[in-house]
There are 2 protein chains.
Amino acid sequence: MIRIGIYGYGNLARGVECAVNATSDMELVAIFTRRDPKSVKINSENVPVVNTRDVLEWTDKIDVMVICGGSATDLPKQTPELAKYFNVVDSFDTHAKIPEHFANVNETALASGKVGVISVGWDPGMFSVNRMYSSAILPNGKDYTFWGKGVSQGHSDAIRRIEGVKDAKQYTIPVDSALEAVRSGKAPELTARQKHLRECFVVAEEGADLKRIEKEIVTMPNYFADYDTIVHFITEEELKRDHSGIPHGGFVIRSGKTGLNSENQHIIEYSLKLDSNPEFTASVLTAYARAAYRLNKKGESGCMTVFDIAPKYLSEKTFEELIKTML
Amino acid sequence: MIRIGIYGYGNLARGVECAVNATSDMELVAIFTRRDPKSVKINSENVPVVNTRDVLEWTDKIDVMVICGGSATDLPKQTPELAKYFNVVDSFDTHAKIPEHFANVNETALASGKVGVISVGWDPGMFSVNRMYSSAILPNGKDYTFWGKGVSQGHSDAIRRIEGVKDAKQYTIPVDSALEAVRSGKAPELTARQKHLRECFVVAEEGADLKRIEKEIVTMPNYFADYDTIVHFITEEELKRDHSGIPHGGFVIRSGKTGLNSENQHIIEYSLKLDSNPEFTASVLTAYARAAYRLNKKGESGCMTVFDIAPKYLSEKTFEELIKTML
């Protein structure tokens, strides 16, 4: 059994807990929290909740630590630090800072002889893998990533910071006509506005100026100004009833040409439609935790990404089963 | 530069020739044929065409041999034999015989210290990789492979063997309602007939009994009897004009559930829409030829499949570029 620790206990961690408990080759041995362990209710029986300050007592009891902190401030510190003692996996998703994070984790993981797999999930993660395979196969081509329909936490938070807003949920929605143009192989140049719509469901404080709130949303730089944005004002009950899920998904499409005169066109499309963004991300993390364990057992160490890991290491099935049933 | 040889020179080989010539890190150094080399016109300038009996004169001039023979009789002999002298890549696609082929190639490749990558293409190949990733991420689920719309060479050949048939082309077509049922997450049990339609375009000899031909097609065991089959009789000119391409494609879809009570559903879909089946397969072979070279340089040897090879080895881009632009 691969002994798994979970570091942090929010939505993502609850997804990892579920995914690990559903395997037959992994065992959840502890959940670490910065909170008072007694205040944390988990979904697993007989698994200790431990304060993060005691984590070093667990170095010989855990094979892989799945780190479930946030990318803004937690993971840049936690992953390099924990890689000194454990094989680790994280979902660091600040694309621009991945090279720096990679270097930091690589340094401590090489020194400790552990494996640190970073930026695992669906984007970065499975979307990245698909962008990579497709561009390697069709180098003469162009790729497109569309996100949604799904909830963007960052955009929802941005709306909530507006005066007079009590709560809000923002959906990122790919524009159908743009998707169709890409699928047709036209390889269009698309602006942000042409690729995605933003739809907002907003609960306003009583008596708030709805016109002003709507204007503040649709003109907000970076978040909304470059998009067509639809704003709906709804009640708190409606928000709870109709918008409490955290679905997401998206499309990675590459169109490319082959032939003596580029006369043949090919479309590769990968898409996800997810009821629960954190649970799916957690499922990817869990599969890569298995890979981290196996690669470390083989003597590998240092930082890795989804690009560095052969598919077979992710599966619970034996290689013989994979060849027989999947190849 | 990675020095590439192509063994055999049919449609697939012409695709590899194109794909290799389009890279900037590979160089086509020779094409091998069983025919009289003087009778073979290739699309590359200054590349020698060599008889296969002289292949051993090229062992120190070729880094990877891309073997473009057929799966029925060529590859089972050619790949293990050539792996004694070269890193090799093939597109062996007789799914049931892959374990045996793997063992044979593994034996000679381990002995020679070379890398042999087998069963590369899109199915087996990219479809296999997607089946594997998806099932590892969503172990509680079910996967489906649909083929088409595309030309099946085997089914076209089967029609051509019927008395009174001059020429024929058969298209395998996925059934839309089955695709939709799978995408909806219903995880249906589907028969062969429910998944695929077969549409045949047949040129009959003058005076042939069309009713008999149609009946022989739709009742043919293994090939057509288990499917709804549509037969069109057309002229030779129409066949040439409208059906001379070799398009193909298909869908790999996995639906799976996560959550404490399997309450969340996720759909992963990978699809290909290919103008030219052999050119796309060739593009995948070419990317894996790069991987074979790099893995052998790293000291690896033996037989490998798409499951064994980390994505990064396929790309011409540096790892730094991949991290920056694709992750």
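Here the structure is shown first, and the text comes after it.
Residues numbered from 1 in each chain as written. Chains lettered and ligands numbered in written order. Predicted model: local features only at pLDDT ≥ 70, side-chain atom pairs only at ≥ 80, totals over all residues. Heavy atoms only, no water.

Draft legend 1. Summary view of the nonpolar core. Ranked by size, the top nonpolar core spans 158 residues in total, and within it A:Ile4, A:Met65, A:Tyr288, B:Met65 and B:Tyr288 carry the most contacts. Discounting chain neighbours no more than four positions away, the residues touching B:Met65 are B:Gly5, B:Ile6, B:Tyr7, B:Phe32, B:Val55, B:Leu82, B:Phe86, B:Asn87, B:Val88 and B:Val89. B:Ile159, B:Ile162, B:Val202 and B:Ala208 belong to the second-largest nonpolar core, a separate cluster that totals 13 residues. (Core = buried A, V, L, I, M, F, W, Y, C linked by side-chain atoms within 4.5 Å. Buried < 20%, exposed > 50% of the residue type's maximum accessible area, 1.4 Å probe, protein only. Contact = heavy atoms within 4.5 Å.)

Draft legend 2. View of the interface of chain A and chain B. Between chain A and chain B, the contact holds 60 residues from the first and 60 residues from the second. Taken together, chain A and chain B are joined by two salt bridges. A:Asp308 is the salt-bridge partner of B:Lys312, the closest N and O atoms lying 2.7 Å from each other. Here chain A is connected to chain B by 24 residue pairs in polar contact (both at pLDDT 80 or more). Counting residues per element, the ones that place at least two in the side of chain A that touches chain B are α3 (98-112), α4 (126-137), β13 (264-274), α10 (277-297) and α11 (319-325) of chain A. Here the side of chain A that touches chain B gets eleven residues from one element, more than from any other, and that element is β13(A). Its residues placed into classes, the side of chain A that touches chain B shows 33 nonpolar, 16 polar and eleven charged. (Salt bridge = Lys/Arg side-chain N within 4 Å of Asp/Glu carboxyl O. Polar contact = N/O pair within 3.5 Å; in protein donor to acceptor, adjacent residues only side chain to side chain. Helix = DSSP H or I, 4+ residues; strand = E, 2+ residues; numbered from the N terminus. Nonpolar A, V, L, I, M, F, W, Y, C, P; charged D, E, K, R; others polar.)

Draft legend 3. A look at the sheet that holds β13(A). Strand order across the open sheet formed by six strands is β7(A)-β12(A)-β13(A)-β13(B)-β12(B)-β7(B), with antiparallel pairing between neighbours. In this open sheet, the two edge strands, each paired with only one partner strand, are β7 (141-147) of chain A together with β7 (141-147) of chain B. Strand-to-strand, the axes of this sheet are offset by a mean angle of 10 degrees, without reference to chain direction. As paired elements, β7(A) and strand β12 (residues 248-258) of chain A share seven bridges and run antiparallel to each other. Note that in β12(A) the partner of A:Gly141 across the bridge is A:Gly256. (Pairing = 2+ DSSP bridges. Axes fitted to C-alpha atoms, helices over the stretch in contact; angles between N-to-C directions.)

Draft legend 4. Local environment of the relation of the copies chain A and chain B. Note on the identical chains: chain A maps onto chain B by a rotation of 180 degrees and an axial translation of 0.0 Å, with an RMSD of 0.0 Å. The relationship between the two copies is best expressed as a two-fold rotation axis. Of every C-alpha in chain A, the one belonging to A:Ala310 sits nearest the axis of rotation, 1.9 Å from it. Here 100% of the contact residues of chain A are again contact residues in chain B; the copies associate through an equivalent surface. (Least-squares fit on C-alpha atoms with pLDDT ≥ 70 in both.)

Draft legend 5. Fine view of the packing of aromatic side chains. Residues and elements named next belong to chain A. Under the defined criterion, the tally for this structure stands at 13 aromatic pairs over all chains. Through successive ring pairs, a cluster of aromatic residues spans Tyr7, Phe32 and Trp58. It is Lys149 that lies over the ring of Tyr171; its NZ or CZ is 5.0 Å from the centre. Note that Lys195 overlies the ring of Phe146, its terminal NZ or CZ placed 5.1 Å from the centroid. (Phe/Tyr/Trp six-rings, centres within 6.5 Å; stacked < 30°, edge-to-face > 60°. Lys NZ or Arg CZ within 6 Å of the ring centre and 35° of its normal.)

Draft legend 6. Focus on the packing of helix α1 (residues 11-21) of chain A against α10(A). Residue and element names in this part refer to chain A. Orientation of α1 relative to α10, taken along the N-to-C sense of each, is 55 degrees, at an axis distance of 8 Å. By the angle between their directions, the pair α1 and α10 is classed as oblique. Viewed along their axes, α1 and α10 form a crossing whose handedness is right-handed. Here α1 contributes Asn11, Leu12, Gly15, Val16, Ala19 and Val20 to the contact with α10, which in turn contributes Pro278, Glu279, Thr281, Ala282, Ser283, Leu285 and Thr286. Across the contact of α1 with α10, the residue classes tally to seven nonpolar, five polar and one charged. (Parallel < 35°, antiparallel > 145°, perpendicular 65-115°, else oblique. Left-handed = near helix turned anticlockwise from the far one by under 90°.)

Draft legend 7. Local environment of the sheet that holds strand β8 (residues 150-151) of chain B. All names here are of chain B. The four strands lie next to each other as β8-β9-β10-β11, forming an open sheet whose pairing is mixed. Either end of the sheet is taken by a strand with one partner, and the two such strands are β8 and β11 (228-233). In this sheet, strand β10 (residues 196-204) lies alongside strand β9 (residues 165-174) in antiparallel orientation, the contact comprising nine bridges. For Pro174, the partnering residue across the bridge sits in β10 and is His196. This element, helix α5 (residues 153-160), spans β8, β9 and β10 of the sheet and lies at about 145 degrees to β9. Against the sheet, helix α8 (residues 210-218) contacts β9, β10 and β11, and its axis sits at roughly 150 degrees relative to β11.

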